[in-house]
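# Analysis of the macromolecular model
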Amino acid sequence: MPTTRHELVAEYCQSIKNANTEAAKKEIFLTFLTRLFGPHDQFGIIEQFTHGAERTINNIS
């Protein structure tokens, strides 16, 4: 288990590279946030991160 934030980020990056699906990447991301910020802070961070992530594009030039 990583002992520094640098090691944690390095492990996360390697895990994301090895993930085959978006669902797996999402789970890896949630685990990363939990380990980085603790079990309760992750949900607020995810909400802020994903707020407005899916928007309809009506006019593409």
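Residues numbered from 1 in each chain as written. Predicted model: local features only at pLDDT ≥ 70, side-chain atom pairs only at ≥ 80, totals over all residues. Heavy atoms only, no water.

### A few points about the pattern of salt bridges
The criterion, for reference: The salt bridge criterion pairs a side-chain nitrogen of Lys or Arg with a carboxyl oxygen of Asp or Glu, the two atoms within 4 Å. Every helix listed is a DSSP run of H or I at least four residues long, and every strand listed is a run of E at least two residues long, numbered separately from the N terminus. The rule is simple: take the accessible area with a 1.4 Å probe, protein chains only, and divide by the maximum for that residue type; under 20% is buried, over 50% is exposed, in between is partly exposed.
Here the structure, examined in full by the defined rule, presents two salt bridges. Between arginine 35 and glutamate 11 there is a salt bridge, with its nearest N and O atoms 2.6 Å apart. Taken together, the residues arginine 35 in helix α2 (residues 22-37) and glutamate 11 in helix α1 (residues 5-18) connect sequence positions 24 residues apart. Looking at arginine 35, the relative accessible area reads 33%, which means it is partly exposed.

### A word on the packing of aromatic side chains
Note the cut-off: Between 30 and 60 degrees the pair is tilted, below 30 it is stacked and above 60 it is edge-to-face, where a pair is any two Phe, Tyr or Trp rings, Trp via its six-membered ring, whose centres lie within 6.5 Å.
Throughout the structure, instances matching the rule amount to two aromatic pairs. The interplanar angle of 55° and the centroid separation of 6.4 Å between the aromatic rings of tyrosine 12 and phenylalanine 29 together place this pair among those described as tilted. Taken together, the residues span a long stretch of sequence, with tyrosine 12 in helix α1 and phenylalanine 29 in helix α2 at a distance of 17 residues. Taking the centre distance of 4.3 Å and the plane angle of 25° together, the rings of tyrosine 12 and phenylalanine 32 count as stacked. A residue pair is termed long-range when its members are at least 10 positions apart, and tyrosine 12 in helix α1 and phenylalanine 32 in helix α2 qualify at 20 residues. Given the relative accessible area of 12%, phenylalanine 32 is considered buried. An aromatic cluster of three or more residues is present, and its members are Tyr12, Phe29 and Phe32.

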